[in-house]
Amino acid sequence: RPFHVEPTNIVGVNDDMQRVTDEASAMNKRIHYYSRLTSPADRALIAPDHVLPAPDEIYVYSPLGTAFKVDSCTDGYGKNSSIVTIFMIWNTMMGTSILSIPWGIKQAGFTSGIVLILLMGILTLYCCFRVVKSRKMIPLIDTTNWEFPDVCKYYFGSFGQWSSLLFSMVSLVGAMIVYWVLMSNFLFNTGKFIYNFAHDINVTDIVPGTNGSNKVICPSAASSHPPQNSSVMFSSGNNTGFELFEEWWNKSQTVPFYLIAVLLPLLNLKSPSFFAKFNVLGTVSVVYLVFLVTVKAARLGIHLEYNWFTENDFFVPEFRILFPQLTGVLTLAFFIHNCVITLLQNNRNQENNVRDLSIAYFLVGLTYLYVGVIIFASFPSPPLSKECIEQNFLDNFPSDDIMSFVARIFLLFQMMTVYPLLGYLARVQLLRQFFGNAYPSIFHVLILNVAIVGAGVAMARFYPNIGGIIRYSGATCGLAFVFVYPSLIYVISLHRAGQLTWPALIIHIFIILLGLANLIAQFLL
C-alpha cells in the first residue's frame, strides 16, 4: 500500500510546504528558460544532470542594453523584490539610444522633443501592459513558461512564429551594427588620445569649436551634408609620424577592420556566459554618463532661445517636421516588449507588476529626459549652432577631453563584452529555427558571424550614423512587437470573449496606424 500522509494543520508547516512548492516551480521555469536559449551540447546555461539550477540566477538579454544576470538578489525562493525587478527593467532598457537622445531632440525641436519623450514613454508602456496581459488571456492552456513569441504563434500560427523571429533578428542585428559603429568610434578616439599623450603632441582642431578648458566642437561643420560621425582632423609639429598615424588610424577606413581580429573569434565561442560577468559595466556607464552631463552643463551654462517655427544661425525651432526621427529612436529606447514577461514572472508580488513596470518606465524616461534636455540646453549657442549636436553626443567633445575619454573607455569595454552575448542570442534564435541546433557546426556559425560582422563593418565604413541606424531598426521591430502584435492580440482576445467594444477597437487600430506611420516616416525624412 502506498505511503500516505494526512494533511497537517501544524502552524508553519503548510507555509513551508508552499515555499518548497514555489521553489520547485521556479527551478522548473529556469530549466525551461535555459533550454530555450541553448543547444543540448552547450551546458553553460543549463543545469548539470546531478544538480538543480540555482533559483537566484537568470540571464536577460537586451538588444541595445546589457546582458543582465540577477545573482544573489532574490529572496531565496527564486523571486525578486519589487526594487530588484524595477532595477532589472531599468538596466535592461538603458542602452546606446541614450547617446542619440540629444540629437533626436534637436531634430524634433526642444519643446516637441520633451513632449514626444513623454508621449512615447506612455504609449510604449501601455503596449507593454498589453504584452504582459496577452499570455493571461489565453483560456484552457498552461502558458506559465510562454514568452511573447509563443503568444504570437498561438494567435497567428506559423506566420506569427516566423515574423516574430524576423523582427527579433532585426532588433538584434541592428543593435550589433550600432555597437560596431560605436566601438569603432570609441576605439578611434581612445587611440587618438593615447597617441597624442604618449608623443606629447600639441593638438589643434581645424573644426569650429569653443575656446577654453571646456571645449565643445562641431565635427559636421566642415562638410555641407547633415551631421555625420566624421573624423576630427589634427595637426602637430611631427608631421611625418602624425600623418602616418592618421593614415593607419582612421575612424571609418581602418579602425572598423581592426575590431574583426578581436570580436570575430569571440562570436564563434560555443558559450559566451563568461562575458555576462561584466554586465555591471552597463549600469556604471549610464551612471557615469549622467555624471558627465551634469558636470559639463554646470561648466557650460544654459543656452536656450525659444522660436516656435523660425530658425536662425544658432537655434532651432521648438517644432520641426523632422520629429519622426526622434520617435524612431524612442521606439527602440523604450523597447523591452520581447522580454518583459521573463522579467516580471520572477517578481515576488505579482500583483505589483503594473506598479513596478510603471515605475521602471518612469525612471527610464526620466533618465532619457535628463540627458537629452541637459545636453541640448547646455550646448554653447552661440558661438556654435544647435545643429552641431551629433548623433553620438560624445563626438561633440574632442578626443583629448579627459571626462569624455573615460566615458569612451567604459563604453568600449562594456560593448566588447556585450557584443558576443548579442551574437550568441542571434545564433540561438536563427540556427535553432533552421537546424534544430544552436551550434550545428563551426562552418554554419562562422558564416552567420561573418555576415553579421560584415554588416557592421560596412555600416561603420559607409554609413556611421548611429541615430539613423537606431531609428530605422527601432521603427521596424517596434512596428511588430510594440504596436501591431500587442494591439491585434488584445482585440482578438476581447472579440473571442465577447467583450470587444467600438472604443477599444478604434483605439487599438489607431495605435497600429501610429506604428505604421512611424516606420514609413523614417524613409521619407
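Computed from a predicted model, the values in this text were never measured in an experiment.

**A few points about the overall build of the chain**
- Of regular secondary structure, the chain possesses 16 helices and two strands.
- Across the 525 residues that make up the chain, the buried fraction comes to 56%.

**Regarding the pattern of salt bridges**
- Taken as a whole and judged by the stated rule, the model has five salt bridges.
- Across the salt bridge formed by K106 and E387, the nearest N and O atoms sit 3.6 Å from each other. With K106 in helix 3 (residues 101–108) and E387 in the loop between helix 12 (353–378) and helix 13 (402–435), this residue pair connects regions lying 281 residues apart in the sequence.
- Its relative accessible area of 0% is what places K106 among the buried residues.
- Residues E246 and K192 are paired through a salt bridge, measuring 1.9 Å at the closest nitrogen-oxygen approach. One end of the pair, E246, is in helix 6 (residues 239–248); the other, K192, is in helix 5 (residues 148–198), with 54 residues separating them in the sequence.

**Digging into the packing of aromatic side chains**
- One pass over the full model with this rule turns up 22 aromatic pairs.
- Their ring planes at 20 degrees and their centres at 6.1 Å tell us that F245 and W249 sit as a pair that is stacked. As far as burial versus exposure is concerned, F245 and W249 are alike and both buried.
- An aromatic cluster is built from W146, Y154, Y155, F156 and Y485, whose rings are joined through pairwise contacts.
- The ring centre of F376 lies 4.9 Å from the NZ or CZ of K386, which sits over that ring.
- We note R471 situated over the ring of Y472; from NZ or CZ to the ring centre the distance is 4.5 Å.

**Some words on the nonpolar core**
- In this structure, L99, F393, L394 and Y419 are the most contacted members of the largest nonpolar core, which totals 121 residues.
- The element that contributes the greatest number of residues to this core is helix 5, accounting for 18 residues.
- With residues up to four places along the chain from it excluded, the contact list for F393 reads I98, L99, P102, L289, L292, V293, V371 and I375.
- Counting seven residues, the second largest nonpolar core, distinct from the first, contains F188, Y195, F242 and V255.

**Remarks on a nonpolar patch on the surface**
- Side chains of I321, I509, L513, L516, I520, L524 and L525 sit close together on the surface and give an oily, nonpolar patch of about 660 Å² of accessible area.
- Mapped onto the elements of the fold, L516 is located in helix 16 (residues 502–524).

**A look at the confidence of the model for the chain**
- For the chain, the mean per-residue pLDDT works out to 81, and 80% of the residues sit at or above 70.
- For residues 224–237, every residue scores under 50 in pLDDT, and the model assigns this stretch 47 contacts once sequence neighbours within four places are set aside.

**Concerning the packing of helix 3 against helix 4 (residues 110–136)**
- Between helix 3 and helix 4, the shortest axis-to-axis distance is 6 Å and the interhelical angle comes to 120 degrees. Judged on the interaxial angle alone, helix 4 and helix 3 are oblique. Where helix 3 crosses over helix 4, the two elements pack in a sense that is right-handed. Together, I101, I105 and A108 of helix 3 and F110, S112, G113, L116 and I117 of helix 4 make up the contact between the two elements.
- Considered class by class, the residues forming the contact of helix 3 with helix 4 number six nonpolar, two polar and no charged.

**Topic: helix 16**
- Here helix 16 contains 23 residues, and its C-alpha end-to-end distance of 32 Å stays within 8% of the 33 Å for a straight helix at 1.5 Å per residue.
- The complete set of buried residues in helix 16 reads A504, H508, I511, G515, N518, L519, A521 and Q522.
- Those residues of helix 16 hidden inside the fold are in contact with helix 4, helix 10 (324–333) and helix 15 (466–496).

**Let's talk about the environment of V418**
- Its place among the elements puts V418 in helix 13.
- When its relative accessible area of 3% is taken as the criterion, V418 is described as buried.
- In sequence terms V418 and A276 are 142 residues apart; their C-alpha atoms lie 7.4 Å from each other.

**Focus: the state of the cysteines**
- Inspection of the entire model under this criterion finds one disulfide.
- The thiol of C128 is not disulfide-bonded; the next cysteine sulfur, from C339, is found 8.5 Å away.
- Residue classification places C128 among the buried positions, given a relative accessible area of 0%.
- Classification of C339 as buried rests on a relative accessible area of 9%.

The rules behind these values
Numbers given to residues run from 1 along each chain, matching the order in which its sequence is written. The predicted nature of this model means local features are confined to residues of pLDDT at least 70 and side-chain atom pairs, given and counted, to a pLDDT of 80 or more, with totals for whole chains, interfaces and linings taken over all residues. Here the side-chain values reflect all heavy atoms present in the structure, with hydrogen atoms and water set aside. Strands here mean DSSP runs of E at least two residues long; helices mean DSSP runs of H or I at least four residues long; both are numbered from the N terminus. Burial status follows relative accessibility: with a 1.4 Å probe on protein chains alone, a residue under 20% of its type maximum counts as buried, one over 50% as exposed, and anything between as partly exposed. A carboxyl oxygen of Asp or Glu within 4 Å of a side-chain nitrogen of Lys or Arg is what we treat as a salt bridge. Any two of the Phe, Tyr and Trp rings considered here, Trp counted by its six-membered ring, make a pair once their centres fall within 6.5 Å; the pair's planes then place it as stacked at under 30 degrees, edge-to-face at over 60, or tilted in between. When the NZ atom of lysine or the CZ atom of arginine is within 6 Å of a ring's centre and also within 35 degrees of its normal, the charge is said to sit over that ring. Note on terminology: a nonpolar core comprises buried Ala, Val, Leu, Ile, Met, Phe, Trp, Tyr and Cys residues joined through side-chain atoms within 4.5 Å. Contacts between residues were defined by any pair of non-hydrogen atoms, one from each residue, lying within 4.5 Å. Every patch collects residues that have over 30% relative accessible area and no salt bridge, joining them within 9 Å if they carry like charges and within 5 Å if they are nonpolar side chains (Val, Leu, Ile, Met, Phe, Trp, Tyr). Residue burial considers only the protein chains on display, and all accessible areas are found by Shrake-Rupley using a 1.4 Å probe. One number per residue, pLDDT, summarises how confident the predictor is, and it ranges from 0 to 100. Note on geometry: axes are lines fitted to C-alpha atoms, helical ones only across the stretch in contact, with angles between N-to-C directions running from 0 to 180 degrees. Note that the term roughly parallel is reserved for angles under 35 degrees, roughly antiparallel for angles over 145, roughly perpendicular for angles of 65 to 115, and oblique for everything else. Working rule for handedness: look at the near helix, and if it is turned counterclockwise from the far one by less than a right angle, call the crossing left-handed; if clockwise, right-handed. The nonpolar class holds Ala, Val, Leu, Ile, Met, Phe, Trp, Tyr, Cys and Pro. Asp, Glu, Lys and Arg form the charged class, and all remaining residues, Gly among them, are polar. Here the expected span of a helix is defined as 1.5 Å times the quantity of residues minus one. By disulfide we mean two sulfur atoms from cysteines, separated by a distance within 2.5 Å.

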